Number of protein chains: 2
Amino acid sequence: MNGAEALLRSLVGAGIDTCFSNPGTSEMHFVSALDRVAGMRAVPALAEGVATGAADGYGRMTRRPAATLLHCGPGLANGLANLHNARRARSPIVNLIGDLSHGHRPADPPLAMDIEALARTVSSWTRTVLDVHAVARDGVAAVAASLTAGRGIASLVLPSDVCWSDGVQFAMPGKAAATTLVDAATVEKARSALSGPASALLLGGDALTGDALLLAGAIARRTGALLLTESSIARIERGQGRPVVQRIPYAPSAAVSFMAGIRRLVLAGAKRPVFSFSGPDGRSHPEAEGIDVSTLVHAEEDVADALERLARALDCAPWTAEEEGTDAAQPACGPINPDALAQSLAVLMPRECIVVDESVSFGRNMFLMTQRAAAHDWLQLTGGAIGMGMPLATGAAVACPGRRVVNLEADGSALYTLQALWTQAREQLSVTTIIISNRRYAILFDEMKRVGAKTSTVSEDLLTLDRPDIDWVKLASGFGVEAERATSMEAFNAAFQRAIEAHGPRLIELVV
Amino acid sequence: MNGAEALLRSLVGAGIDTCFSNPGTSEMHFVSALDRVAGMRAVPALAEGVATGAADGYGRMTRRPAATLLHCGPGLANGLANLHNARRARSPIVNLIGDLSHGHRPADPPLAMDIEALARTVSSWTRTVLDVHAVARDGVAAVAASLTAGRGIASLVLPSDVCWSDGVQFAMPGKAAATTLVDAATVEKARSALSGPASALLLGGDALTGDALLLAGAIARRTGALLLTESSIARIERGQGRPVVQRIPYAPSAAVSFMAGIRRLVLAGAKRPVFSFSGPDGRSHPEAEGIDVSTLVHAEEDVADALERLARALDCAPWTAEEEGTDAAQPACGPINPDALAQSLAVLMPRECIVVDESVSFGRNMFLMTQRAAAHDWLQLTGGAIGMGMPLATGAAVACPGRRVVNLEADGSALYTLQALWTQAREQLSVTTIIISNRRYAILFDEMKRVGAKTSTVSEDLLTLDRPDIDWVKLASGFGVEAERATSMEAFNAAFQRAIEAHGPRLIELVV
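Bear in mind the structure is a predicted one, so any value in this text is a computation, not a measurement.

A. How the structure looks around the packing of helix α12 (residues 338-348) of chain B against helix α20 (residues 489-501) of chain B. All names here are of chain B. Direction vectors running N to C along α12 and α20 enclose 35°, while the axes themselves pass 11 Å from each other. Our pair here, α12 against α20, has a crossing hand that is right-handed. Counting all contacts with α12, which are made through Ala340, Leu341, Ser344, Leu345 and Leu348, the residues of α20 involved are Met489, Phe492, Asn493, Phe496, Gln497 and Ile500. Its residues assigned to classes, the contact of α12 with α20 comprises eight nonpolar, three polar and no charged.

B. Quick look at the side chain of Ser413(B). All names here are of chain B. Within the element layout of this structure, Ser413 appears in helix α15 (residues 411-414). Owing to a relative accessible area of 3%, Ser413 belongs among the buried residues under this scheme. With residues up to four places along the chain from it excluded, the contact list for Ser413 reads Glu358, Val360, Ile386 and Gly387.

C. Local environment of the environment of Met489(A). Residues and elements named next belong to chain A. Take Met489: it is sitting in helix α20 (residues 489-501). Of the residues examined, Met489 reaches a relative accessible area of 0% and is grouped as buried. C-alpha separation for the pair Met489 and Phe258, spaced 231 residues apart in sequence, amounts to 31 Å. Here Met489 is in contact with Ala332, Cys333, Gly334, Pro335, Ile336, Ala340, Leu341 and Ser344, once residues within four sequence places are set aside.

D. Representation of the relation of the copies chain A and chain B in the model. Between chain A and chain B, the superposition needs a rotation of 180° and an axial shift of 0.0 Å, giving an RMSD of 0.0 Å. Those values place the two copies in the arrangement expected of a two-fold rotation axis. Interface overlap between copies is the fraction of interface residues in one copy that are interface residues in the other; for chain A against chain B it reaches 100%, indicating a shared surface.

E. Quick peek at the layout of surface pockets. Residues and elements named next belong to chain B. Of the voids in this model, the largest pocket is the one considered here, and its volume is about 920 Å³. By residue class, the composition of the lining of the largest pocket is 22 nonpolar, 15 polar and 11 charged. Here the second largest pocket defines a volume of roughly 750 Å³. As for the second largest pocket, its lining consists of 36 residues, of which Arg87, Arg88, Arg90, Glu230 and Lys271 are closest to the centre. Along the lines of polarity and charge, the residues of the lining of the second largest pocket split into 13 nonpolar, 13 polar and 10 charged.

F. Structural detail: the UniProt feature "domain: Thiamine pyrophosphate enzyme TPP-binding" (unreviewed entry) in chain A. As recorded in UniProt, the sites labelled "domain: Thiamine pyrophosphate enzyme TPP-binding" (unreviewed entry) are residues 381-509 of chain A. Taken end to end, residues 381-509 of chain A comprises 44% helix and 17% strand; its first and last C-alpha atoms sit 21 Å apart.

G. Just the interface of chain A and chain B, in detail. Tallying the contact residues gives 96 residues for chain A and 96 residues for chain B. Here chain A meets chain B over a buried area of about 7,700 Å², counting both sides, of which 63% is carbon and sulfur. Put simply, chain A and chain B have six salt bridges between them. Between Asp461(A) and Arg426(B) there is a salt bridge, and its shortest N-O distance comes to 3.2 Å. Considering every element that reaches the side of chain A that touches chain B, the biggest residue donor is helix α4 (residues 72-88) of chain A, with eight residues. Considered class by class, the residues forming the side of chain A that touches chain B number 48 nonpolar, 32 polar and 16 charged.

H. Structural view of the pairing of strand β7 (residues 199-203) of chain B. Residues and elements named next belong to chain B. The element β7 is extensively covered by neighbouring structure, given that five of its five residues are classed as buried. What you see with β7 is no split at all: Ser199, Leu201 and Leu203 on one side and Ala200 and Leu202 on the other are buried throughout. Across four bridges, β7 lies against strand β8 (residues 226-229) in parallel orientation. Each bridged residue has a counterpart across the sheet, and for Leu202 the counterpart in β8 is Leu228. Crossover handedness for the path β7 to helix α9 (residues 210-223) to β8: right-handed.

I. Just helix α14 (residues 389-399) of chain B, in detail. Along α14(B), 11 of the 11 residues are buried, which leaves the element largely enclosed by surrounding structure. Among all positions of α14(B), only Gly389(B), Met390(B), Pro391(B), Leu392(B), Ala393(B), Thr394(B), Gly395(B), Ala396(B), Ala397(B), Val398(B) and Ala399(B) are buried.

J. Here's a closer look at unusual backbone geometry. Residues and elements named next belong to chain A. Residue Pro468 is reached from Arg467 by a cis peptide bond, and omega for that bond is 0°. Unlike most non-glycine residues, Val360 shows phi in positive territory, near 50°. Position of Val360 among the secondary structure elements: in the loop between β13 (353-358) and α13 (366-369).

K. Molecular detail of the sheet that holds β8(B). Residue and element names in this part refer to chain B. One open sheet holds the five strands; their spatial order is β10-β8-β7-β11-β12, and the pairing between them is parallel. Of all the strands in the sheet, the pair left with one neighbour each is β10 (246-247) and β12 (292-297). Of the strand pairs in this sheet, β8 and β10 are connected by two bridges, and their pairing is parallel. Bridge pairing links Thr229 to Arg247 in β10. Along the sheet face, helix α11 (residues 303-313) touches β7, β11 (264-268) and β12 and points at about 110° away from the line of β12.

What counts and what doesn't
- Residues numbered from 1 in each chain as written.
- Chains lettered and ligands numbered in written order.
- Predicted model: local features only at pLDDT ≥ 70, side-chain atom pairs only at ≥ 80, totals over all residues.
- Heavy atoms only, no water.
- Axes fitted to C-alpha atoms, helices over the stretch in contact; angles between N-to-C directions.
- Helix = DSSP H or I, 4+ residues; strand = E, 2+ residues; numbered from the N terminus.
- Left-handed = near helix turned anticlockwise from the far one by under 90°.
- Contact = heavy atoms within 4.5 Å.
- Nonpolar A, V, L, I, M, F, W, Y, C, P; charged D, E, K, R; others polar.
- Buried < 20%, exposed > 50% of the residue type's maximum accessible area, 1.4 Å probe, protein only.
- Least-squares fit on C-alpha atoms with pLDDT ≥ 70 in both.
- 1 Å grid on protein atoms, 1.4 Å probe; cavity = no way out; pocket = protein on both sides within 12 Å on 5 of 7 lines; lining within 4 Å.
- Points joined across faces, edges and corners; volume = space filled by probe spheres on them.
- UniProt positions renumbered as here; feature names shortened; annotations may be inferred.
- Buried area = accessible area lost by both parts, 1.4 Å probe.
- Salt bridge = Lys/Arg side-chain N within 4 Å of Asp/Glu carboxyl O.
- Pairing = 2+ DSSP bridges.
- Right-handed = clockwise from strand over helix to strand, strands pointing away.

Spelled out as structure tokens, the structure:
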């Protein structure tokens, strides 16, 4: 068998079952091998940002890597922004990046680019396959690397000669390196901090799902500590039956107020909170100065184990959900505004749905107002690179075929990677996209005010999307996704209910 | 004045009049300065690949840099593929890349990324502004760098504190470094080679336009040498009244046959020809082995001067156009095929139009068959990173408001950066886009055959765009561009004539 087939068989053997693909010339042998090797679902994307964002969504939901198939340096470059988000979300991903053959590269053909330099900006592991005898082994090493140290991105560069050359075998699955356990003194320090007044446990990564989240809930109930998350959440399980975790607000001033009363902050899988942007005051962090900040467990360590030992040290009772009502009984009526949309969603969101939230400024309170909705997962923008929402929703839907995905999308963000709609149509994915069509980069108007810059004719023109208006019903329909427009909450409620009962994707343009 | 305003005034003073913009939070002070400083046209783009590709088109047509305005590492990453094409085309561009403030960066906020590492993959000059006192000077240095050594990409990283800080002056324009002249011995060597039989002059860069091209025409007429171009052409002036320059075919086998009779190859502003891809035979170059290849002048030297001195050494008569007929008198009728489309274009293309050719496999003979059309410019994909066509057309139209742009676009390529249509609508640019809608990555089917790989169910599914069909009339219309569909040459001819007489952009979906 040739190198491409040996690689593919080895990846399948190592547990990779999905490849988000935008191949070009140098990847043809790998594409051809897909015809001969069972067990890999190839999902086509019209642009690389869709492929990498989908791999992020898949990785967040399964905690296993999907592969991406990208064409040389430019293909990787097009996918980098969503890989940056994925890196911040600690999603495991294995990038397969085709390249010119080893022999042809010195001639500096048009596509030649420094692929490793690009890859290293987002990857925890980068390697170019040296020859055909290394390709299968390098493939399984990439899978293992993506699952090591709290998960990350492994990028494997495949010169085309290693794919077309014959005579190699596939390789046995590699093993991820063991996860570090925290020591007893660290657990004791956290126990002591959380036992004091005005304490909070800041959760990130694996602490926001599964047993770890329930342990955190038990710890909070026992100690009276607040449960917090970072402003940007890769994935959290929430809604009825789950512990309430409060999110540190995005805006610096709101974050500072929110954190003002906290005197002891313990980090579990989270970084010290940091503003997305800092102003001339030079402040980067929201917590009050001089408070006690300590780390129970880093994201790359065993988060669940640390929380379990902390819960034991505190002699916590197991988490049980309290009886609780929903926040609202009825969907909202009347004109569309952020609170009305949140109210309708809180009532109408189907149980076990996955919310992909790139609603930016319009959606700022959406998270808060859906806390008591039916149990669901909530996924957010982690790296600040907008254009992740539609691809992430696509990948989450591929990962979880039995669940509905609800994608809250600001129009400005959606326009970076709208090509994802076609993949949703092709794969008949159960994604309901809600485009919040305010026809402007609303967050930038806020930001202009925040930094004290004035807007006038030129700058306002540059931050608006209304000349001409963008017609999302036509765009979605051009990609094969059924779509409708809503200009009142009544219309939205009806459209949303139709959408979540439909087979395949739907889009609702919410004109606000 | 603050750093943003000082920078903007300095850029305008150094001759930058256009900024293709996709700003975010950290660029707000620069956006605000656009309200106070006259002389900079800000052209908005919905995605960064549109902004960078447009800057490439602008640079190819004017030989002056436009600026781009990009948001942090992810914004630059999204624009890199078209910057890669621009680098290969030697387009001058000044990238302005916002970043987190110097003080905030150590906190590793979500958007932090290694911007310089990304920039260096495509730039001949990269710098991060150290403080507000350097920003204006760095701006004019970037402009000068973009015009130095045959032009290139200069990337300036702008931490937001250097934009918001006050109290600086603007800087006087910098000077590009002087261009190197070739020595007399080199000219004599080229004279001698071209005077022998079976010789060819391979033109690239500045040798393909203006006086340099006419000098090359005179040299060819005098010596009998063939005039050639590389397979990928940044820009050539051609059509009636101009010297005929033959393009080395893209496909390796055709390129080898084409070059078989040539014994002496002289390079003028061009690199030694190289295949885009090489197969298992290990061959990278099309010319016969052992032939005499020499360089008259490199692209970063003074190409026109070298050709002028060569023409003088050969005692050439000035170039004059011969009387010549057109290839076809009538547009083609009947079913749509590559030759029919080329025939219609050869007849209907308006004088002085700019053709942006990303027609990939369907358009392979289009160049050959339009040689005798009305005088025009022809621009191609130079770096192999598809998705450049619509952005390039946008930038060329901004650069040359009096001329029509005809964009030949393969559907697969168009889908990477279709957001350019909205900028065309917003700016009312005279671009006629012809989408060659074959609903597949046709070049990849060819390539599968060439490399000996077979296609079957899975691979064919991955290389087609017909499940569901993509509706370009709806997509264009969603972005505010009038569009129609043509399924016969008669319908195309009529639609094309309407389009080139219209004000603003039009799109024709040619179903093939």
